[in-house]
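Each chain, written out:
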Amino acid sequence: MNEPPDWHAIDDAVRAAELRLDWDAAIAAVSSAAGCWSPDAGKHNAHLWHMDLLARAGRLDELAALGKTDVHARRRLERFLRENEREDAGANVPE
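Structure report, in brief. Residue positions within a chain follow its written sequence, with the count starting from 1. With pLDDT at 70 or above as the cut-off, local features in this predicted model cover only qualifying residues; side-chain atom pairs require 80 or more to be listed or tallied, and sums for whole chains, interfaces and linings still use all residues. Hydrogens and waters are ignored; side-chain quantities use all the structure's heavy atoms.

Comments concerning the overall build of the chain
(1) Moving on: Secondary structure elements follow DSSP: runs of H or I no shorter than four residues count as helices, runs of E no shorter than two count as strands, and numbering proceeds from the N terminus. Regarding its fold elements, the chain presents 5 helices and 0 strands.
(2) Moving on: Relative accessibility thresholds used throughout: buried, under 20% of the residue-type maximum; exposed, over 50%; partly exposed, between the two (1.4 Å probe, protein chains only). In the chain, buried positions account for 37% of the 95 residues.
(3) Moving on: Of the roughly 6,100 Å² of accessible surface on the chain, 50% is carried by carbon and sulfur atoms. Accessibility throughout is a Shrake-Rupley quantity obtained with a 1.4 Å probe, and a residue counts as covered only by protein chains that appear here.

The following block contains the structure:
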């Protein structure tokens, strides 16, 4: 049987990495426990946090690729582009 994620350790690791602006470490820590549309609220929240970290890290191509099948990635990319008033808003958003 799989052990449940240690949410406190994950939260601590991600927040510490965010403070250092170490996006790779933050993304790796949260993505290990993320689950899109998981019935486990913690896994679903980790997925949303993962999408937010990708946007904050500027990994728009990765968000766009995920957005082809993941509505959360697509919405986060659209929000990033809108908030940053990008001229190419929508150009990377999959149909």
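Next, the rest of the story.
Quick notes on the nonpolar core
(1) Moving on: Of all hydrophobic cores here, the largest spans 22 residues; its most connected members are Val-14, Val-30, Leu-53, Leu-63 and Leu-77.
(2) Moving on: Every element with two or more residues in this core is listed here: helix H1 (7-19), helix H2 (23-31), helix H3 (41-56), helix H4 (60-67) and helix H5 (71-83). By nonpolar core is meant a set of buried Ala, Val, Leu, Ile, Met, Phe, Trp, Tyr and Cys residues that side-chain atoms within 4.5 Å join together.

Side note on the packing of H1 against H2
(1) Moving on: One can describe the packing of H1 onto H2 by two numbers: an axis separation of 8 Å at closest approach and a directional angle of 165 degrees. Of the possible angle classes, the one that applies to H1 and H2 is roughly antiparallel. Crossing handedness for the pair H1 and H2: left-handed. Residues Ile-10, Ala-13, Val-14, Ala-17 and Glu-18 of H1 lie in contact with H2, whose contacting residues are Trp-23, Ala-25, Ala-26, Ala-29 and Val-30.
(2) Moving on: For this classification, the nonpolar set comprises Ala, Val, Leu, Ile, Met, Phe, Trp, Tyr, Cys and Pro, the charged set comprises Asp, Glu, Lys and Arg, and every other residue, Gly included, is treated as polar. Among the residues forming the contact of H1 with H2, the class breakdown is 9 nonpolar, no polar and 1 charged. The angle between two axes is taken between their N-to-C directions and runs from 0 to 180 degrees, where each axis is a line fitted to C-alpha atoms and a helix contributes only its stretch in contact. Throughout this description, any angle smaller than 35 degrees is read as roughly parallel, any larger than 145 degrees as roughly antiparallel, any in the 65 to 115 degree range as roughly perpendicular, and the remainder as oblique. What makes a crossing left-handed is the near helix being turned counterclockwise from the far one by less than a right angle; a clockwise turn instead makes it right-handed. Throughout, a residue-residue contact means that at least one pair of heavy atoms, one from each residue, lies within 4.5 Å.

Focus: the packing of H2 against H3
(1) Moving on: Contact pair H2 / H3: the axes reach a minimum separation of 9 Å and the direction vectors enclose 165 degrees. In terms of orientation, H2 lies roughly antiparallel with respect to H3. The two elements H2 and H3 meet at a crossing, and its hand is left-handed. Taken together, the residues of H3 that come into contact with H2 (itself represented by Trp-23, Ala-26, Ile-27, Val-30 and Ser-31) are Ala-46, Trp-49, His-50, Leu-53, Leu-54 and Arg-56.
(2) Moving on: Here the residues of the contact of H2 with H3 are counted per class, giving 8 nonpolar, 2 polar and 1 charged.

Here's the deal with H2
(1) Moving on: Among the residues of H2, those classed as buried are Trp-23, Ala-26, Ile-27, Ala-29 and Val-30. The buried residues of H2 occupy an angular sector of 165 degrees when the element is viewed end-on, so they sit on one face.
(2) Moving on: Structurally, H2 contributes buried residues whose contacts are with H1 and H3. Taking the helix axis as origin, the arc is that swept by the directions to the C-beta atoms.

Considering the pattern of salt bridges
(1) Moving on: Salt bridges are counted wherever a side-chain nitrogen of Lys or Arg sits within 4 Å of a carboxyl oxygen of Asp or Glu. Taken as a whole, this structure holds 8 salt bridges when the rule is applied.
(2) Moving on: The partner of Arg-15 in a salt bridge is Asp-11, with the nearest N and O atoms 3.0 Å apart. On the criterion of helical spacing, the pair formed by Arg-15 and Asp-11 is a turn pair, its members being 4 residues apart in helix H1.
(3) Moving on: Of the charged contacts in the structure, one is a salt bridge between Glu-18 and Arg-56, with a shortest N-O distance of 2.6 Å. Here Glu-18, found in helix H1, pairs with Arg-56, found in helix H3; they are 38 residues apart in sequence, far enough to count as distant.

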